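Single-letter residue listing:
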Amino acid sequence: MKQLLLSIHDVTPAHSHRIARLEAMIGEVTGGSATYAMLVVPDFHGQAPIRHDRAFHAWLRGRADAGVEMLLHGWFHRDTGTHSGAAAWKAKHMTAGEGEFLGLSLTDATARLRDGRKLLEDILGRAVTGFVAPAWLYGEGARAALAEEGFTQAEDHMRVWRPADGRVLANGPVVSYASRSRSRILSSLAWSRVATTVLGGLETVRVALHPHDVDVASLGRESRRAIGGFLRERRLGRYDGLRARA
């Protein structure tokens, strides 16, 4: 059966109230299902470390125990590097300074992946096998580090793949929403409406929600509509379930 991979990005104590609103919306649309993913940031922008936040640990464990899938989502979610060539274009036009893993060396990417996964696994008491780079942007160092560290799923704008051998697990553009300008809001709304039609033939469709989506009423209405539309012909799936489909 066709499936929908639904995710909440930028899961951090800094966005706790917005995330609660996103979860409530997902519950309304899905009938209370916990089959979706949370992408956890260990220290959002260097200002929201989760390492010693016991209340946040308990909340994350509770969500995981309820069935929510947990993926690692960078370390800081902030790009502090300098770029050239194609990477410079991506850093300028595809994100607003959020492409943390775009310019990291193999050594730095490995350290952040290793430390982030260990932290999240210690909190959850279970394995973390999936990674999504902030802004879905990867450099060569990040790709190599993912393979070396044994992550079994990674995701960018156009696909989910297995880092060890590059095998594609799911194809097709992600449906997401941008709220930082009027033009981006309008383009997000247009893409979402088109996507519910043109992506219908895909085996796996992905919808990604971000905390600031709840700040714009039109994005909230459209994401509800899109998720409900996709679920008329699909079931909710999991990233770790894609391994069996490879």
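Residues numbered from 1 in each chain as written. Predicted model: local features only at pLDDT ≥ 70, side-chain atom pairs only at ≥ 80, totals over all residues. Heavy atoms only, no water.

Q: Where do I start with the nonpolar core in this structure?
A: Most often, soluble globular proteins have nonpolar side chains that are buried together. In this structure, Leu60, Phe131, Val207 and Leu209 are the most contacted members of the largest nonpolar core, which totals 54 residues. Looking at this core, the element that brings in the most residues is helix α4 (residues 106–124), giving six residues. Filtering out sequence-adjacent residues up to four positions away, Phe131 remains in contact with Leu71, Leu72, His73, Gly74, Phe101, Leu113, Tyr138, Leu146, Phe151, Gln153, Ala154 and Glu155. Judged by nonpolar contacts, the second largest core, of 13 residues, contains Leu169, Ala170, Ala208 and Tyr239. (Core = buried A, V, L, I, M, F, W, Y, C linked by side-chain atoms within 4.5 Å. Buried < 20%, exposed > 50% of the residue type's maximum accessible area, 1.4 Å probe, protein only. Helix = DSSP H or I, 4+ residues; strand = E, 2+ residues; numbered from the N terminus. Contact = heavy atoms within 4.5 Å.)

Q: Sorry if this is basic, but what is going on with helix α2 (residues 54–66) here?
A: Note that an α-helix has 3.6 residues per turn; residues three or four places apart therefore point the same way. An ideal rise of 1.5 Å per residue puts 18 Å on 13 residues; α2 measures up with 18 Å between its terminal C-alpha atoms. All of the buried residues in α2 are Phe56, His57, Leu60, Arg63 and Ala64. Taken end-on, α2 shows its buried residues confined to a sector of 130°, consistent with a single buried face. Opposite the packed face of α2, turned more than 90 degrees from it, sit the exposed residues Arg54, Ala55 and Asp65. Buried positions along α2 lie against β1 (3–11), α1 (16–30), β2 (37–40), β3 (69–72) and α4. After α2 finishes, the residue Gly67 shows a positive phi value of roughly 120°. (Expected span 1.5 Å × (residues − 1). Arc of directions from axis to C-beta.)

Q: Would you mind showing me how to read the pairing of strand β7 (residues 167–171) here?
A: The side chains of a regular strand alternate, residue by residue, between the two faces of the sheet. In this structure, strand β6 (residues 159–162) lies alongside β7, joined through four bridges in antiparallel fashion. Bridging from a neighbouring strand, Trp161 pairs with Val168 of β7. Joining the antiparallel neighbours β6 and β7 is a turn of four residues, in which Gly166 adopts a positive phi near 75°. (Pairing = 2+ DSSP bridges.)

Q: Looking at this model, I keep getting lost on the environment of Trp191. Mind explaining?
A: Inspection of the secondary structure puts Trp191 in helix α6 (residues 182–198). A residue is classified by how much of its surface remains accessible, and Trp191, at 28% relative accessible area, is partly exposed. Through-space distance from the C-alpha of Trp191 to that of Pro173 is 10 Å; in sequence the pair is 18 residues apart. If near-sequence neighbours (up to four positions away) are discounted, Trp191 is found in contact with Pro173, Val174, Val175, Ser176, Val198 and Leu199. A distance of 3.2 Å separates a polar side-chain atom of Trp191 from the backbone oxygen of Val174. (Polar contact = N/O pair within 3.5 Å; in protein donor to acceptor, adjacent residues only side chain to side chain.)

Q: Quick question: what am I supposed to make of the packing of aromatic side chains here?
A: For any pair of aromatic rings, the description rests on two quantities: the centre-to-centre distance and the angle between the ring planes. Summed over all chains, the structure comprises six aromatic pairs. Over the face of the ring belonging to Trp161 we find Arg159, whose NZ or CZ atom lies 4.3 Å from the ring centre. (Phe/Tyr/Trp six-rings, centres within 6.5 Å; stacked < 30°, edge-to-face > 60°. Lys NZ or Arg CZ within 6 Å of the ring centre and 35° of its normal.)

Q: Please clarify how α1 should be interpreted in this entry.
A: Taking 1.5 Å per residue, 15 residues should reach 21 Å; α1 reaches 21 Å between its end C-alpha atoms and fits that length. Those residues of α1 not exposed but buried are Ile19, Leu22, Glu23, Met25, Ile26 and Thr30. Angularly, the buried residues of α1 cover 160° about the axis, an arc narrow enough to put them on a single face. The exposed residues of α1 that point more than 90 degrees off its buried face are His17 and Glu28. Residues of α1 that are buried in the fold lie against β1, β2, α2, β8 (204–209), α7 (217–231) and β9 (235–236).

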